[in-house]
Amino acid sequence: MTSIPRPSRRLLVGGAVGALALAATALLPMTNAAAATGCAVTYTTSSWQGGFTATVAIKNLGDPVTNWTLGFSFPDSGQRVSQGWSATYQQSGSAVTARSLDYNGALATGASTTIGFNGSWTTANPNPTSFTLNGTTCTGQTTPTSAPPTTAPPPPSSPPPSTPPPTTPPPTTPPPTGTTPVAINGQLRVCGVNLCNQYGRPIQLRGMSTHGLQWFAQCYNDASLDALAKDWQADLLRIAMYVQEKGYETDPSGFTNRVNTLVDQAEARGMYALIDFHTLTPGDPTYNLDRAKTFFNAVSARNAAKKNVIYEITNEPNGVGWSTIKNYAEQVIPVIRANDPDAVVIVGTRGWSSLGVSDGSNSDEIVNNPVRADNIMYTFHFYAASHKDNYRNELSRAASRLPLFVTEFGTVTYTGDGAVDTASSTAWLDLLDRLKISYANWTYSDAGEGSAAFKPGTCYGGTYAGTSVLTESGTFMRNRIRTPDNFPTA
Ligand code: IDC
């Protein structure tokens, strides 16, 4: 919105800043003394064939501002912003604008803030050399130091959604020693709005969710998990441990053991394991808060040394507002962090993990009031035959502002049953591929419902590989998941 400096009666002071401001305002009517403006920008990139990460440090050398818009143009027309963080990005031709968010809009005189984005390039990747802040060309100098420019800490309730990726991969990360997803990608971490691998590069994980372990334990065995890893070439197994409906609450130690065994079985095959605390009814996650603390304390202590574990702390909150979910997350995440400080944690969202859309809300409530924790992502779920363009639009809008993980989706209706909606499922997965959003499909089971990948009865036989045992949904998903990952390693 604000691209024009607001008029002010402030007297301009001497020195370089005042001189710059005078030069910048010399053409304005004499009766309207303008606010002192000025800025300095440092733009650094780390690039690879076809892609790059840019880190942009902005220093305000003028009067305090309450929100800002940074403008610049790419020197090469093939350069595009793909995923940004700490600002809202727009690109038109080669011209880019980055608008401040609530938490970093206020910049005092002399204050700095850092934003960043991942981009793509086709023929050349020169850095932009000219920047504007609220319309004023940034001619100020920044003094390079070993430490990056710092931002005044945001208010406690509004930290940045996540930290930007390192500009260079950690120098100590050796090349992969194997070819499985975990061997290549190692310990994951959230970088900007992406999930990044041990080389600091954005990746997408594609895999399957179990059905409820209390009902379909017979579907998870060496043969079925070999098929998932080798025939499907999946990266990820989501372990759906229902809490109610004859789940965890009926036998905490038994279900904890079953989850741990599946973590080991996924690890042995080089797959990531997403531990899903599958709350559903009741929808208020705080109903299960004590159980969640007990469960996550146990699994995070036991699996802390593993690189393949991701924690999903609540499946689909419903009937509660975002503040209730955020409060739950801020109590459960510290339990996990105390044991396993570097694991990625995924937080469910309002309206059955629809980012609020199914409740008539949207992702703004999260952007404006994010969970106070690092290295976290937010859940988005959809069922392709029920959830279409308005949900896709919200996911696209949220994807540049929040790290998202589709921990569950179906190719059918939200009931988990019905016909496969191939057109909608294809539109969804193309979108997730383009945004590099990881996903797990409901379900890797032989349940008698359209969302199940296997025909009924499959889990009582010994064959899981190939297509003869698959339903329409299973065939569709196997084709999507089997396409090569091409994980970056440098
Ligand atoms: C469904 C199962 C179904 C089961 C039901 C209730 O497919 O067999 O009877 O749960 O437990 C979700 C939930 C997921 C649902 C799924 C399909 O996370 O547990 O599974 N779904 O209804 N959210 C949206 C859809």
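Residues numbered from 1 in each chain as written. Predicted model: local features only at pLDDT ≥ 70, side-chain atom pairs only at ≥ 80, totals over all residues. Heavy atoms only, no water.

Asker: Just to check I follow, could you spell out the overall build of the chain for this structure?
Answerer: Tallying secondary structure elements over the chain gives 12 helices and 20 strands in all. Residue burial in the chain is summarised as follows: out of 490 residues, 56% are buried. Across the chain, the fraction of contacts at a sequence separation of at least 24, relative to all contacts at a separation of at least 6, is 77%. Surface exposure of the chain reaches about 19600 Å², of which carbon and sulfur atoms provide 55%. (Helix = DSSP H or I, 4+ residues; strand = E, 2+ residues; numbered from the N terminus. Buried < 20%, exposed > 50% of the residue type's maximum accessible area, 1.4 Å probe, protein only. Contact = heavy atoms within 4.5 Å. Areas by Shrake-Rupley, 256 points an atom, 1.4 Å probe, with all protein chains shown as cover.)

Asker: Mind showing me how you'd approach helix 12 (residues 472–482) here?
Answerer: Given 3.6 residues per turn, any residue in an α-helix points the same way as the ones three and four places further on. Those residues of helix 12 not exposed but buried are Ser473, Gly474, Phe476, Met477, Arg478, Arg480 and Ile481. Considering only its buried residues, helix 12 is in contact with strand 13 (206–209), helix 4 (222–231), strand 19 (404–410), helix 11 (422–435) and strand 20 (439–442).

Asker: Help me understand the site of the ligand in this model?
Answerer: Taken together, 15 residues sit near the ligand, with Tyr242, His278, Glu316, Tyr414 and Glu449 positioned nearest. Contacts to the ligand include His211, whose side-chain N or O atom sits 3.2 Å from an oxygen atom. Within the side chain of Glu449, an N or O atom sits 2.7 Å from an oxygen atom of the ligand. Protein chains shield 78% of the accessible area of the ligand, which is 500 Å² for the free molecule. (Near = heavy atom within 4 Å. Polar contact = N/O pair within 3.5 Å; in protein donor to acceptor, adjacent residues only side chain to side chain.)

Asker: Is there a simple way to think about the sheet that holds strand 20 in this case?
Answerer: For sheets, the rule is that strands pair by backbone hydrogen bonds, running either parallel or antiparallel. Reading around the barrel, the 8 strands line up as 13-14-15-16-17-18-19-20 and close back on themselves, with parallel pairing between neighbours. Looking at each pair of strands side by side, their axes are set apart by 25° on average, direction ignored. Summarising the sheet, strand 17 (residues 345–347) and strand 18 (residues 376–383) pair through 3 bridges and their orientation is parallel. Of the residues in strand 18, the one forming a bridge with Val347 is Tyr378. On the sheet, helix 5 (residues 252–268) packs against strand 14 (236–242), strand 15 (272–278) and strand 16 (309–312) and is oriented at approximately 175° with respect to strand 14. Sheet contacts for helix 12: strand 13, strand 19 and strand 20; angle to strand 13, the most-contacted strand, approximately 145°. (Pairing = 2+ DSSP bridges. Axes fitted to C-alpha atoms, helices over the stretch in contact; angles between N-to-C directions.)

Asker: Sorry if this is basic, but what is going on with the nonpolar core here?
Answerer: Phe296, Ile313 and Val347 are the most contacted members of the largest nonpolar core, which has 82 residues in total. With 7 residues, the top contributor of residues to this core is helix 7 (residues 322–339). For Val347, the residues in contact, after removing those within four places along its chain, are Ile313, Trp322, Ile325, Ala329, Ile333, Val371, Ile376, Met377, Tyr378 and Thr379. Listed in part, the 24 residues of the second largest apolar core include Val81, Val96, Ile115 and Phe117. (Core = buried A, V, L, I, M, F, W, Y, C linked by side-chain atoms within 4.5 Å.)

Asker: I keep staring at the packing of helix 11 against helix 12 and nothing clicks. Help me out?
Answerer: Helix-helix packing: each pair is described by the crossing angle between the helix axes and the interaxial distance. Packing of helix 11 against helix 12 leaves a shortest axis separation of 12 Å and a crossing angle of 25°. Here helix 11 is positioned roughly parallel relative to helix 12, judged by the angle of their axes. Considering how the two elements wind past one another, helix 11 and helix 12 form a crossing that is right-handed. Note on element contacts: helix 12 touches helix 11 through Glu472, Phe476, Met477 and Arg480, opposite Thr422, Ser425, Thr426, Leu429, Asp430 and Asp433. Its residues assigned to classes, the contact of helix 11 with helix 12 comprises 3 nonpolar, 3 polar and 4 charged. (Parallel < 35°, antiparallel > 145°, perpendicular 65-115°, else oblique. Left-handed = near helix turned anticlockwise from the far one by under 90°. Nonpolar A, V, L, I, M, F, W, Y, C, P; charged D, E, K, R; others polar.)

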